[in-house]
Amino acid sequence: MIHESGNLPWSDLLSCSNPERDMPPRMRQAFGYWHRIRAGRPMPSRADLDPLDIPSLLSNMVLVDVIHLPAKSGSPPPLERGPSVDFQFRLIGTEIASRSAHDYTGRRFDDIPHMAAGTPFWRRHEDVVSQKRPLFGALPYVGPDRTVRTCHNLLAPLSRDGTVVNMILTFVTFGLE
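First things first, this report covers the structure right here in the doc. Keep in mind that what you see is a predicted model, and the values were worked out from it rather than measured. (Residues numbered from 1 in each chain as written. Predicted model: local features only at pLDDT ≥ 70, side-chain atom pairs only at ≥ 80, totals over all residues. Heavy atoms only, no water.)

### Digging into the environment of Asp 86
- With respect to the secondary-structure elements, Asp 86 resides in strand S3 (residues 85-92).
- Residues Asp 86 and Arg 108, spaced 22 residues apart in sequence, show a C-alpha to C-alpha distance of 6.9 Å.
- Discounting chain neighbours no more than four positions away, the residues touching Asp 86 are Asp 65, Val 66, Ile 67, Leu 69, Arg 108, Phe 109, Asp 110 and Trp 122.
- At 3.5 Å, the side chain of Asp 86 and the backbone nitrogen of Asp 110 are in polar contact. (Helix = DSSP H or I, 4+ residues; strand = E, 2+ residues; numbered from the N terminus. Contact = heavy atoms within 4.5 Å. Polar contact = N/O pair within 3.5 Å; in protein donor to acceptor, adjacent residues only side chain to side chain.)

### Quick notes on helix H2 (residues 25-38)
- Between its terminal C-alpha atoms H2 stretches 20 Å, which fits the 20 Å expected from 14 residues at 1.5 Å a residue.
- For H2, the set of buried residues is Met 27, Arg 28, Ala 30, Phe 31, Gly 32, Tyr 33, Trp 34, Ile 37 and Arg 38.
- Positive phi appears at Ala 39, one or two residues downstream of H2, with a value of about 50 degrees. (Expected span 1.5 Å × (residues − 1). Buried < 20%, exposed > 50% of the residue type's maximum accessible area, 1.4 Å probe, protein only.)

### So, the nonpolar core
- Counting 24 residues, the largest nonpolar core has Val 64, Val 66, Phe 87, Phe 89, Phe 109 and Ile 168 as the members making the most contacts within it.
- Where this core is concerned, the elements lending two or more residues are strand S2 (61-68), S3, helix H5 (120-131), strand S5 (148-158) and strand S6 (167-176).
- Among the elements that take part in this core, S3 stands out by supplying four residues, more than any other.
- In this structure, Phe 87 is in contact with Val 64, Asp 65, Val 66, Arg 107, Arg 108, Phe 109, Trp 122, His 125, Glu 126, Val 129 and Ile 168, ignoring residues within four places of it in sequence.
- Residues Leu 13, Met 23, Trp 34 and Leu 169 belong to the second largest nonpolar core, which totals 20 residues. (Core = buried A, V, L, I, M, F, W, Y, C linked by side-chain atoms within 4.5 Å.)

### Observations regarding H5
- Between its terminal C-alpha atoms H5 stretches 16 Å, which fits the 16 Å expected from twelve residues at 1.5 Å a residue.
- Those residues of H5 not exposed but buried are Trp 122, Arg 124, His 125, Val 128 and Val 129. Axial view of H5: buried residues confined to an arc of 165 degrees, hence all on one face.
- Tucked inside the fold, the buried residues of H5 contact S2, S3, strand S4 (135-138), S5 and S6.
- Within two residues after H5, Lys 132 carries a phi angle of roughly 60 degrees, on the positive side. (Arc of directions from axis to C-beta.)

### Overview of unusual backbone geometry
- If you check the backbone angles, Ala 39 has positive phi at about 50 degrees while not being a glycine.
- By the secondary structure assignment, Ala 39 is in the loop between H2 and S2.
- Although it is not a glycine, Lys 132 sits at a positive phi angle of roughly 60 degrees.
- Checked against the element boundaries, Lys 132 lands in the loop between H5 and S4.

Take it as geometry only, folks, not as evidence of what the structure does.
This is the structure we're talking about:
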């Protein structure tokens, strides 16, 4: 079960707003869970994630694989050669899938125009990979559901080795009219 800590580590978050004030209750639960399973480490691993611990959050959860792209020999400096990562949807919760225009499971971000390299969506994921810290904020909702007014998300890094982010655990909540 989820045990929300009264003292969440707000300073660990990269944020586009004031998370202590703006974070919806379910998002606080998700952040508390991520903080608990990291157990004092910079980041938890995918193996630490137990769906049985968070049944009420599963429909709002997304798992994204981080694909580290190899540098080509003789390639230009990093800023000129483009992104060094791509992202691929591994799992999309039912609440998110029901409010999406398409089933993105298995798709790479770079193949989806409004999620491709250089977009705000991409940059937020790239920030989590480079900073190795969770990020909370809101992005404009892009989808067919006209009742959605707000969309908050928490992107939290996962690491197989404790150093390199290889997956991003995301929780999404929708504010409806």
